[in-house]
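Overview (structure and organization)
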Amino acid sequence: MKKLNKRSIAAVLAAMVMMTGCGTNGTGNGGNAAEIKPSENSLVKTGNSEKVSVEYVSRMEESSDRPADKEQAYYSDYKDMDKAALKIFAQCLETSPEDNVLVSPFSLEMGFALVENGADGNTLSEIEKVIGGGVSVNDMNRDLGYLSSRMTADQDVKWNVANSIWVNTDGNSDVTLKDEYLNTVSSYYNPEISGLVFDDAAKDKINNWVNEETFGMIPSIIGEPPQGRMMLINAVAFKGEWNQAFDDASIIEDFVFNNNDGSKSSVTMLCGDSDKYFTFGDGEGFKVDYKGGQYSFVGILPPEGVDIKDYVQSLIDNDVSLVESMEYGSDKECSYYLPEFKTEYSQEMVPVMQNLGMNEAFIESADFSKLNNGSGLYISRVLHKTYIDVNREGTEAAAVTAIQMTEGCVMEPEDPIVINLNRPFIYMIVDNVTHMPIFLGAQTAMD
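None of these values were measured; they are calculated from a predicted model.

Section: the overall build of the protein chain
Within the protein chain one finds nine helices and 22 strands. Just so you have it, the protein chain exposes about 17,900 Å², and 42% of that area is on carbon and sulfur atoms.

In structure tokens:
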């Protein structure tokens with residue numbers, strides 16, 4: 001097996017939820033509310049709920065006997081979640097047909113989970129369907145909790161997973177969060193809480209938090225003072241090296257990449273062998289492990305002559321699951337060519353979510369009654385911004401999801417398998433137990 005170039009990968013994502021209120025601004029009443037006081041100007045750990053312990057159950061283990069009192073994260077959940085992620089990805093490809101597209105399913109799931117735990121009725125049902133493929137909010141908490149626990153426990157790569165809740169405490173924006181909501185999100189997401197006036201100082205404080213929690217790869221998330229009632233932020237950072245390093249002979253300069261528009265670009269190719277070949281629909285894929293083997297970079301080459309949008313749509317039409325494809329992966333070896341590349345991408349996600357059937361969350365009749373005892377809230381904007389840089393020295397990746405809320409995504413051949421990513425391809429960073437994609441991108445052109 002050829003050695004791969006030793007590199008460092010950093011994948012960062014932050015999910016920001018902004019909650020805005022207008023109209024009546026009552027604090028609500030009743031015993032199920034915890035009021036955030038204006039004097040709470042520093043971050044504080046909630047510390048009011050014990051972290052939930054979660055165990056993963058794979059496809060092969062689903063029929064085995066398990067203790068009834070122990071929570072389980074099920075293979076079928078991740079399969080539904082990855083199919084939902086593929087539909088969101090397809091909508092982004094449709095919305096940005098000329099762009100290199102990169103989304104973070106994990107960022108979107110984490111960001112919407114903080115909102116989802118405060119939703120009810122049809123609003124909740126639509127979010128569950130679009131974000132989790134029908135996985136319930138309770139199961140989503142469990143599943144994301146398992147993924148997060150794997151990240152923070154891994155000693156071979158460096159992960160940071162952090163969440164925070166920021167509440168506007170000026171005189172016109174009283175907020176009372178329900179105890180049940182706080183207890184649930186504390187159990188699974190352990191957010192830090194801050195009450196502060198949404199002014200220039202708040203902007204700096206929030207941006208400093210994001211900068212610190214993302215290892216400086218996302219220095220800021222907002223360019224002006226925050227508005228509205230609340231901001232809920234999720235930040236995840238990842239740094240890791242390839243499991244095996246590339247040597248100089250594995251790096252090819254001035255390799256031709258065939259862009260989607262018919263033009264050609266000169267790229268640097270990193271080449272090697274992988275023993276983790278698999279098929280994804282009619283496409284072919286390979287995995288390259290990061291140190292420790294718990295996480296991998298995945299490259300997928302669609303059939304020649306098939307546009308990436310059409311290829312992804314065929315996966316959806318045929319109900320193909322990435323989780324299932326990797327679970328049933330072969331022991332075949334393949335050679336691969338992976339280009340160095342850099343991509344930045346941003347997308348307004350409201351139309352994407354609406355096209356997939358999430359509608360009520362974006363209108364004034366949305367039901368987020370489990371979140372706040374004050375007046376009603378609805379989502380008015382969802383921004384998703386990502387960045388990735390893959391090169392011989394290392395990889396950096398970042399993603400931000402901002403949600404603003406206002407009131408009222410074979411047959412074995414005889415010849416050796418070679419997967420040459422010298423034309424538009426799909427790539428991912430995946431968790432190797434659940435096979436869930438943390439990042440999911442399409443590279444259609446090189447600069």
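Considering helix H1 (residues 75-95)
With 21 residues, H1 should cover 30 Å at 1.5 Å per step; its first-to-last C-alpha distance of 31 Å lies within 8% of that length. Counting buried positions along H1 gives 16 out of 21 residues, so the element sits mostly inside the fold.

Let's talk about the sheet that holds strand E14 (residues 283-289)
Through backbone hydrogen bonds, the strands of a sheet pair up, either in parallel or in antiparallel fashion. Read across the open sheet, the six strands follow the order E6-E22-E21-E15-E14-E13; overall the sheet is antiparallel. The open sheet has two free edges, formed respectively by strand E6 (101-103) and strand E13 (277-280), since each of these has just one partner strand. Here the average twist between neighbouring strands, direction ignored, is 20 degrees. Two elements, E13 and E14, share four bridges in a ladder whose sense is antiparallel. In the strand pairing of E14, Thr279 is matched with Glu284. Its contacts with the sheet put H1 on E6, E13, strand E21 (425-431) and strand E22 (437-443), and the angle it makes with E22 is roughly 30 degrees.

Remarks on unusual backbone geometry
Despite not being glycine, Asn190 has its phi angle at roughly 45 degrees, a positive value. For Asn190, a relative accessible area of 32% corresponds to the partly exposed category. Of note, Asp254 is a non-glycine position whose phi angle comes to about 55 degrees, a positive value. You can see Asp254 is positioned in strand E11 (residues 251-258). Using a relative accessible area of 63% as the deciding quantity, one classes Asp254 as exposed.

Things to note about the packing of helix H2 (residues 105-116) against helix H4 (residues 137-153)
H4 packs onto H2 with a crossing angle of 130 degrees between their chain directions and a minimal axis gap of 11 Å. By the criterion of interaxial angle, the relationship of H2 to H4 is oblique. For the pair H2 and H4, the crossing hand works out as left-handed. For the pair H2 and H4, contact is made by Phe106, Glu109, Met110, Ala113 and Glu116 and by Val137, Met140, Leu144, Leu147, Ser148 and Met151, respectively. Among the residues making up the contact of H2 with H4, the classes are represented as eight nonpolar, one polar and two charged.

Things to note about the pattern of salt bridges
Side chains that differ in sign of charge can pair as their charged atoms come close. Overall, the coordinates contain eight salt bridges when judged by the stated rule. As a salt-bridge pair, Asp77 and Arg142 come within 2.4 Å of each other at their nearest N and O atoms. You can see Asp77 sitting in helix H1 and its partner Arg142 sitting in helix H4, a full 65 residues away along the chain. Summarising the burial analysis for this pair, Asp77 and Arg142 share the class buried. Ionic pairing is found between Asp289 and Lys276, a salt bridge with its closest N-O pair at 2.5 Å. Here the residue Asp289 occupies a position in strand E14, and Lys276 occupies one in the loop between strand E12 (264-274) and E13, the gap between them amounting to 13 residues. Residue classification places Asp289 among the buried residues on the basis of a relative accessible area of 15%. Taken together, the salt bridges that share partners define one network made up of Asp77, Asp139, Arg142 and Asp143.

Cut-offs applied
- Residues numbered from 1 in each chain as written.
- Predicted model: local features only at pLDDT ≥ 70, side-chain atom pairs only at ≥ 80, totals over all residues.
- Heavy atoms only, no water.
- Helix = DSSP H or I, 4+ residues; strand = E, 2+ residues; numbered from the N terminus.
- Areas by Shrake-Rupley, 256 points an atom, 1.4 Å probe, with all protein chains shown as cover.
- Expected span 1.5 Å × (residues − 1).
- Buried < 20%, exposed > 50% of the residue type's maximum accessible area, 1.4 Å probe, protein only.
- Pairing = 2+ DSSP bridges.
- Axes fitted to C-alpha atoms, helices over the stretch in contact; angles between N-to-C directions.
- Contact = heavy atoms within 4.5 Å.
- Parallel < 35°, antiparallel > 145°, perpendicular 65-115°, else oblique.
- Left-handed = near helix turned anticlockwise from the far one by under 90°.
- Nonpolar A, V, L, I, M, F, W, Y, C, P; charged D, E, K, R; others polar.
- Salt bridge = Lys/Arg side-chain N within 4 Å of Asp/Glu carboxyl O.

Note that all results are geometric; they support no functional claim without further evidence.
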